[in-house]
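One-letter residues, chain by chain:
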Amino acid sequence: MKRSKRRYLLLQIDSDGAPSQRDFLDAAWGSVTKLYGESGASCASLLLINFDEDTKKALVRVSLDALQPFRASLALITRIADREAAVHVVKVSGTIKSLREKAAR
Amino acid sequence: MKRVFADLHLRLNPNDPAYAARILIKAASLGYGLVAVPISPITHMQDREKIIEICKSVNIDFVSRVNLQARTRDQLMNQLRKLRRKYEVICVSCENRQVARQAAKDRRVDLISFPSVDYSRRFLDKSEAELIHSGLAAWEIDTKPFFLLEGPARTRFISTIRRETSIAKDFEIPLVLSSGVSSELLLRKPREIAALAGLFGLTESSALDSVSKVPVSIVRRNREKLGSGFVAPGITVLKEGNDC
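Here is a short report on the structure shown in this document. (Residues numbered from 1 in each chain as written. Chains lettered and ligands numbered in written order. Predicted model: local features only at pLDDT ≥ 70, side-chain atom pairs only at ≥ 80, totals over all residues. Heavy atoms only, no water.)

### A word on the overall build of chain B
- When helices and strands are counted, chain B shows 10 helices and 9 strands.
- Computed over C-alpha atoms, the radius of gyration of chain B comes to 18 Å, within 12% of the 18 Å expected from 2.2 N^0.38 for 244 residues, which places it in the range of a compact globule.
- Taken across its 244 residues, chain B has 52% of its residues classed as buried.
- Residue pairs in contact within chain B that sit at least 24 positions apart in sequence constitute 74% of those at least 6 positions apart.
- Side-chain charges in chain B split into 39 positive and 28 negative, and the spacing between the mean points of these groups amounts to 1 Å. (Helix = DSSP H or I, 4+ residues; strand = E, 2+ residues; numbered from the N terminus. Rg over C-alpha atoms; globule rule 2.2 N^0.38 Å. Buried < 20%, exposed > 50% of the residue type's maximum accessible area, 1.4 Å probe, protein only. Contact = heavy atoms within 4.5 Å. Lys, Arg positive; Asp, Glu negative; His and termini not counted. Charge placed at Lys NZ, Arg CZ, Asp CG, Glu CD.)

### Focus on the overall build of chain A
- Tallying secondary structure elements over chain A gives 3 helices and 5 strands in all.
- Ordered by position from the N terminus, the helices and strands of chain A form the series β-α-β-β-α-β-β-α.
- Taking 105 residues into account, the globule formula puts the C-alpha radius of gyration at 13 Å, and chain A, at 13 Å, falls close to it.
- Expressed as lengths along the three principal axes of its C-alpha atoms, the size of chain A is roughly 45 × 35 × 20 Å.

### A look at the packing of helix α2 (residues 67–75) of chain A against helix α8 (residues 190–197) of chain B
- Between α2(A) and α8(B), the least distance of the axes is 8 Å, while the angle of their chain directions is 110 degrees. Classed by the angle they form, the pair α2(A) and α8(B) counts as roughly perpendicular. Between α2(A) and α8(B) the crossing geometry is left-handed. Note on element contacts: α8(B) touches α2(A) through Arg191(B), Glu192(B), Ala195(B) and Leu196(B), opposite Gln68(A), Arg71(A), Ala72(A) and Ala75(A).
- Here the contact of α2(A) with α8(B) is composed, by residue class, of 4 nonpolar, 1 polar and 3 charged. (Axes fitted to C-alpha atoms, helices over the stretch in contact; angles between N-to-C directions. Parallel < 35°, antiparallel > 145°, perpendicular 65-115°, else oblique. Left-handed = near helix turned anticlockwise from the far one by under 90°. Nonpolar A, V, L, I, M, F, W, Y, C, P; charged D, E, K, R; others polar.)

### Some thoughts on the packing of helix α4 (residues 97–105) of chain B against helix α5 (residues 126–134) of chain B
All names here are of chain B.
- Put simply, α4 and α5 touch, their axes get as near as 7 Å, and they point 25 degrees apart. Considering the angle they form, α4 stands roughly parallel to α5. Contacts between α4 and α5 pair Ala-100, Arg-101, Ala-104 and Lys-105 from the former with Ser-127, Glu-128, Leu-131 and Ile-132 from the latter.
- Tallied by class, residues from the contact of α4 with α5 come to 4 nonpolar, 1 polar and 3 charged.

### Notes on the sheet that holds strand β5 (residues 83–93) of chain A
Residue and element names in this part refer to chain A.
- Across the sheet, 5 strands lie side by side as β2-β3-β1-β5-β4; this open sheet has antiparallel pairing. A single partner strand is all that each edge strand has here, and the edge strands are β2 (47–52) and β4 (79–80).
- Bridge count between strand β1 (residues 6–15) and strand β3 (residues 57–63): 7 bridges; the pairing is antiparallel. Looking across to β3, one finds that Leu-9 is bridged to Val-60. (Pairing = 2+ DSSP bridges.)

### Things to note about a nonpolar patch on the surface
- On the surface, a cluster of nonpolar side chains totalling about 240 Å² of accessible area is made up of Val231(B), Ile235(B) and Val237(B).
- By the secondary structure assignment, Ile235(B) is in strand β9 (residues 235–236). (Patch = residues over 30% accessible without salt bridge, like charges linked within 9 Å, V, L, I, M, F, W, Y side chains within 5 Å. Areas by Shrake-Rupley, 256 points an atom, 1.4 Å probe, with all protein chains shown as cover. Salt bridge = Lys/Arg side-chain N within 4 Å of Asp/Glu carboxyl O.)

### Quick look at α5(B)
Residue and element names in this part refer to chain B.
- Regarding α5, the residues found buried are Glu-128, Ala-129 and Ile-132. The buried side chains of α5 occupy one side of the element, clustering within an arc of 100 degrees when seen end-on. Across from the buried face of α5, at angles greater than 90 degrees, the exposed residues are Lys-126, Glu-130 and Ser-134.
- On its buried side, α5 packs onto α4, β5 (111–113) and α7 (152–170). (Arc of directions from axis to C-beta.)

### Regarding the nonpolar core
- Counting residues in hydrophobic clusters, the biggest one holds 74 residues, and the most contacted among them are Leu10(B), Leu24(B) and Ile112(B).
- For Leu10(B), the residues in contact, after removing those within four places along its chain, are Ile23(B), Leu24(B), Ala27(B), Val35(B), Ala36(B), Val37(B), Pro38(B), Ser179(B), Val181(B) and Leu187(B).
- Residues Phe24(A), Val62(A), Ile77(A) and Ile80(A) belong to the second largest nonpolar core, which totals 23 residues. (Core = buried A, V, L, I, M, F, W, Y, C linked by side-chain atoms within 4.5 Å.)

### Points about the packing of aromatic side chains
- For the structure shown, the criterion picks out 4 aromatic pairs over all chains.
- Ring centres 5.6 Å apart and planes at 25 degrees place the aromatic pair Phe24(A) and Phe51(A) in the stacked group. Remark: Phe51(A) occurs in strand β2 and Phe24(A) occurs in helix α1 (residues 21–43); sequence separation between them is 27 residues. We note that Phe24(A), like Phe51(A), is buried.
- Put simply, the rings of Phe146(B), Phe157(B) and Phe200(B) touch in pairs and so form one group of aromatic residues. (Phe/Tyr/Trp six-rings, centres within 6.5 Å; stacked < 30°, edge-to-face > 60°.)

### So, the pattern of salt bridges
- Throughout the structure, instances matching the rule amount to 18 salt bridges over all chains.
- Arg22(A) serves as the salt-bridge partner of Asp26(A), at 3.3 Å between the closest nitrogen and oxygen. Taken together, the positions of Asp26(A) and Arg22(A), both in helix α1 and 4 residues apart, correspond to about one turn of that helix.
- The exposure class of Arg22(A) is exposed, given its relative accessible area of 53%.
- Where Asp118(B) meets Arg121(B), a salt bridge forms, and the shortest distance between an N and an O atom there is 2.6 Å.
- Members of the salt-bridge network, linked through shared partners, are Arg97(B), Arg101(B), Asp125(B) and Glu128(B).

This is how it looks when you write it as structure tokens:
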């Protein structure tokens, strides 16, 4: 079976508070599910690889086909854990290595 | 060549320079190179200068914009006559069909927008689109309602925009995607705005053009027209006097 292509995204969370990993995941899944439904969300193959609470950076993996819909879902996040927030895509890469380097900077 | 990203509708309060500076710094960090701020004709010159200074300090190209909300066709013509040479971008928020038709025909209008959630006053039908196509105006979509609306209200909004986008595509109307926000946390990167456009059927490349190529070309065209040597498109006075 042909392996589906994936993209890794480095995300920056912009918020007044310090959201936890669970809060972020709930917001991301909630937004994708609201916009595309459970069937659409399942096609995204969303996986959280790393979350840094101090820098508010997250590293996630999505399938290439779902990259643009996932970006749209992230753009529509306005609240995380009942606090105003925004999620910005810092970088998109086909390999995890370059994103880890960027996240470390 | 690297794209210059533009937001032609960033609402700033000229009386609160500290907050305006924060929003402009944020816009610069998100990758915007050009920002248009609606400034009312009664705003003091000093307040306007303050915003221009902040834009310079964060390396953003400032564009002056005015939103016209005329009630009648004559009122619109009057406002255009008074303000066209004072602003780089003129947007007409169409309150009724008569004004919408006039705005579409008038070559002094740069952007046409419709009230976001008042569906009875969204006049982008085939006749309107045909008029816009024959003029110079572009259709502006603010992304703010996507963030503020939820549930069935957002679904209806997306559905309306999708229908209107399809008409706009058929008539090759240029489309401009702007934020229309006044809060830091509602600002999004240009590529994220372009991704949102996928919700109403725009392809990635045309969505990216709507946040870069189209708005930048409107500003460039108007700056050329407002320049002192402009005679007609493509004709500019280079030198005048007895020694010519």
